[in-house]
Amino acid sequence: MSDITQNLDSDPQPKRRSRFRATLVRDRKAQAGLAVLLLFVIGAIFAPLLAPFDPNEMTLDMMSGLSWTHPLGTDDLGRDLLSRILHGTRVSLFIGVSTVGIALAIGIALGLVAGYFGGWLDLIIMRYIDLQWAFPNFIIAVYLVAVFGTGLLNVIVALSLAFVDDFARVARSMTLSLREEQYVDAARTLGFSKARTLFIHILPNAVAPIIVQATVSVSYAILGEASLSFLGLGVDAYTPTWGLILADGRGFITQAWWLGVFPGLAIMLVVLAINFVGDWLRDALDVRQAVEG
Amino acid sequence: MAPVASYMLRRLIGSIIVMWAVATLVFFMLRLVPGDPVAAMLADAGGPDEIEAMKRSLGLDRSVFVQYVIWFQNMLQGDLGSSIYGSRAAVTDVLTQAIPRTLSLSLLAFVIALVIALPAGILSATRRNSATDTTVSLLAFLGLSMPDFWLAILLIIVFAANLQWLPAIGYVPLAEGVWPWFSHLILPAIAIGTAFSAIIARMIRSSLLEVLKSDYMRTARAKGLTPWMLMFGHALPNAMIPVITVIGIAFALLISGAVVVENVFAIKGLGRVLIEGILNRDYPVVQGAVLVVSAIFVFSNLIVDLLYGVIDPRIRLN
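Nothing here was measured: the structure is a model prediction, and the numbers come from that model.

With respect to the overall build of chain A
The number of helices and strands found in chain A is 13 helices and zero strands. Ordered by position in the sequence, the α and β elements of chain A form the string α-α-α-α-α-α-α-α-α-α-α-α-α. Considered along the principal axes of its C-alpha atoms, chain A spans approximately 75 × 45 × 30 Å. The buried share of chain A, reckoned over its 293 residues, is 50%. Partitioning the contacts of chain A with sequence separation of at least 6, the portion at a separation of at least 24 is 70%.

Here it is, written out as structure tokens:
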């Protein structure tokens, strides 16, 4: 029995790893995406060291153009734009990753339970997911922020809840197909608990499309947070986020173009990098059908 | 009943049930506002008497279930209550003014997206792995990654502030002339439509590549059809079937985009009404705007589903 158990738990990772490497070597977009993402992550982690000024420090050097002192210029209050964008990276990446982490945990739990147990549980969960499907994700987030108020935690909760249905759908469809597999039957026959069957045997095999969905969702979460902040519905006014920096500079873009260009460029670059990496993961994990189907 | 009529009826009933659930959810969510919603609506402007008076006028002194039944009955008669801010206009009037603006903007964005996506997708598929394909693919990635409100700002900097070709803000109804209407909407429509066009172009490419490999295309080529006939007579109509589904899903992008971009261009459509409502704590307006946005989304998906059933008989028969 231990041999069988070992086989059931066996890991297809080495094959997958070599496929990752082979596809990455060929994919220049993915290499560029990973490099850009790495730069942003380093920027986010070391923002207090890398930023030349305090992001909220006001000076008399207002709306000054690009210079050695202020490489990306200053805003209408004399705040250094590079420092604000660097600190904004922390908030954007944190919100992007934590939002998807929460949505992933809730969505996977709902999808696994609905797909594995079926019956009335599936019916209730699917009706909820269908209902959520009736709203565009961003509208859900806007409405939740309207109900619960602005602020970091509320923005994360609002965006997370808005993305739950995406993960639940993927996890459910994968579970529905995997529960008919022979190795899942074998696990059931061996008397493994439902939790063990779900989390040890089904979930690891459903992980590929979930990873791809998560990657895509991080980019949408970053865009979502930037949009909320831009509309004045994001994190508080003292925390520099990319959307807020753009909103603050909006009234001055005709006199100071850099206020309208660089924060948006930061959003676009990081989202583009994530999309490139997501596209590579889709090829490497061979899940185009599972996610898009 | 004929299969087509039965399919349409089933989908229509399904959409009505979804809209009822959406309306119910929107109503009860608002009751989750922490603290007293009326005090929140009045902010610092109202004392206890004003709060009590407003509660009575909004029917909030009754049980939640009674409030729900009254609200639902009123909603079915087109009465969504009154705004509690400014002129205290009827929410239905506010939304009736806003809807044509958002629909004009979304439809123009939709047309722009298709005008860009169709040739881009076809070129990319027919010249697979060429420089054209790579360029289209890169541009599609850029389009998908660019925040719509940022693109809106860039368009204002270039076309309104520097070149001064187009107005930077505002909206003019179609009744006042096609050019004034078009000139006010073209920049926001491009800002919203760009991401949409990227999704559709990618979808057309992958769908066309599948169709071009099929047996019936080989037969059509063997019959000696011209490339034009092959593409527009056989390949494209078949490739559009999955694309139509994606158009339905991606329509959410247009609506969400309109919410943000209307605020950049000061167009008082549904998006601006919604955001102003939130910032002013004007909950009846917020409730109404969310309801209308969801209705547009649900019923545009219904239209796409019905279209899909008409194009592909397998869908409606199953």
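Side note on the overall build of chain B
Along chain B, the regular secondary structure elements total 13 helices and zero strands. Taken from N to C terminus, the helices and strands of chain B fall in the order α-α-α-α-α-α-α-α-α-α-α-α-α. For chain B, the spread of C-alpha atoms along the three principal axes comes to 85 × 60 × 35 Å. In chain B, buried positions account for 37% of the 318 residues.

Thoughts on unusual backbone geometry
Non-glycine residue Met63 of chain A carries a positive phi angle of around 45 degrees. With phi around 55 degrees, Gln164 of chain B is a residue other than glycine that occupies positive phi space. Residue position: Gln164 of chain B is located in the loop between α7 (148–162) and α8 (178–212).

Section: the nonpolar core
Judged by nonpolar contacts, the single largest core of 167 residues is most densely connected at Ala141, Val142 and Phe167 of chain A together with Ala152, Ile200, Leu274 and Ala289 of chain B. With 17 residues, the single largest contributor to this core is helix α12 (residues 257–285) of chain A. The contact partners of Ala141 of chain A, leaving out residues within four places of it in the chain, are Ala158, Leu159, Ala162, Gly224 and Leu228 of chain A.

Notes on the packing of α12 of chain A against α7 of chain B
With their axes 10 Å apart at the nearest point, α12 of chain A and α7 of chain B run at an angle of 150 degrees to one another. Judged on the interaxial angle alone, α7 of chain B and α12 of chain A are roughly antiparallel. Seen along the crossing, α12 of chain A lies across α7 of chain B with a hand that is left-handed. Residues Trp257, Gly260, Gly264, Ile267 and Met268 of chain A of α12 of chain A form the contact with α7 of chain B, whose participating residues are Trp150, Ile153, Leu154 and Ile157 of chain B. Considered class by class, the residues forming the contact of α12 of chain A with α7 of chain B number seven nonpolar, two polar and no charged.

Remarks on the environment of Ile245 of chain A
Residue and element names in this part refer to chain A. Position of Ile245 relative to the elements: it lies in helix α11 (residues 242–249). When the C-alpha atoms of Ile245 and Gly260 are compared, they prove to be 8.7 Å apart, with 15 residues separating the residues in sequence. When near neighbours in sequence (up to four residues on either side) are disregarded, Ile245 contacts Arg84, Ile85, Gly88, Pro240 and Pro263.

Looking at the interface of chain A and chain B
At the interface, 31 residues of chain A touch 36 residues of chain B. For the side of chain A that touches chain B, the elements supplying multiple residues, two or more each, are α6 (119–133), α7 (137–148), α10 (194–230) and α12 of chain A. The element best represented in the side of chain A that touches chain B is α12 of chain A, accounting for nine residues. The residue makeup of the side of chain A that touches chain B, split by class, is 23 nonpolar, six polar and two charged.

Comments concerning the packing of α7 of chain A against α10 of chain A
Residue and element names in this part refer to chain A. Interhelical geometry of α7 versus α10 gives an angle of 45 degrees and a closest axis separation of 11 Å. By the criterion of interaxial angle, the relationship of α7 to α10 is oblique. Both α7 and α10 take part in a crossing whose hand is right-handed. Of the residues in α10, those in contact with Asn137, Phe138, Ala141 and Val145 of α7 are Tyr220, Gly224, Ser227 and Leu228. Taken together, the residues of the contact of α7 with α10 sort by class into five nonpolar, three polar and no charged.

Digging into α7 of chain B
All names here are of chain B. With 15 residues, α7 ought to run about 21 Å at 1.5 Å a step, and its terminal C-alpha atoms sit 20 Å apart, in line with that. Maximum bend of α7: about 30 degrees, positioned at Ile156. Looking only at α7, the buried set comprises Asp148, Phe149, Trp150, Leu151, Ala152, Ile153, Leu155 and Ile156. Where α7 ends, the next residue or the one after it, Gln164, has phi of about 55 degrees, a positive value.

Here's the deal with the environment of Gly47 of chain B
With respect to the element layout, Gly47 of chain B can be found in the loop between α2 (37–42) and α3 (48–58). Linking Gly47 of chain B and Ile296 of chain B, residues 249 residues apart in sequence, is a C-alpha distance of 39 Å.

Considerations on helix α5 (residues 91–126) of chain B
In an α-helix, one turn spans 3.6 residues, which is why side chains three or four residues apart end up on the same side. In a regular helix each residue adds 1.5 Å, so 36 residues correspond to 52 Å; α5 of chain B covers 51 Å between its end C-alpha atoms and thus fits that length. When the local axis directions of α5 of chain B are compared, the greatest deviation, roughly 25 degrees, occurs at Ala98 of chain B, which is followed within four positions by the proline Pro100 of chain B.

Quick notes on the confidence of the model for chain B
Put simply, chain B has an average pLDDT of 84, and 92% of its residues get 70 or more. Mean pLDDT values for the elements of chain B range from 59 in helix α13 (residues 313–317) of chain B up to 91 in α5 of chain B.

Observations regarding the environment of Thr215 of chain A
By the secondary structure assignment, Thr215 of chain A is in helix α10. Residues Thr215 of chain A and Val97 of chain A, 118 residues apart in the sequence, show an inter-C-alpha distance of 9.3 Å.

Side note on the confidence of the model for chain A
When pLDDT is averaged across chain A, the result is 85; 92% of the residues are at 70 or more. Throughout residues 288–293 of chain A the model reports pLDDT below 50, and contacts reaching past four residues in sequence, or to other chains, amount to eight contacts.

What counts and how
- Residues numbered from 1 in each chain as written.
- Chains lettered and ligands numbered in written order.
- Predicted model: local features only at pLDDT ≥ 70, side-chain atom pairs only at ≥ 80, totals over all residues.
- Helix = DSSP H or I, 4+ residues; strand = E, 2+ residues; numbered from the N terminus.
- Buried ≥ 20, exposed ≤ 12 C-beta atoms within 10 Å, placed from the backbone.
- Contact = placed C-beta atoms within 7 Å.
- Core = buried A, V, L, I, M, F, W, Y, C linked by C-beta atoms within 7 Å.
- Axes fitted to C-alpha atoms, helices over the stretch in contact; angles between N-to-C directions.
- Parallel < 35°, antiparallel > 145°, perpendicular 65-115°, else oblique.
- Left-handed = near helix turned anticlockwise from the far one by under 90°.
- Nonpolar A, V, L, I, M, F, W, Y, C, P; charged D, E, K, R; others polar.
- Expected span 1.5 Å × (residues − 1).
- Bend = angle between axes of the 7 residues up to and from the residue.
- pLDDT = per-residue confidence, 0-100.

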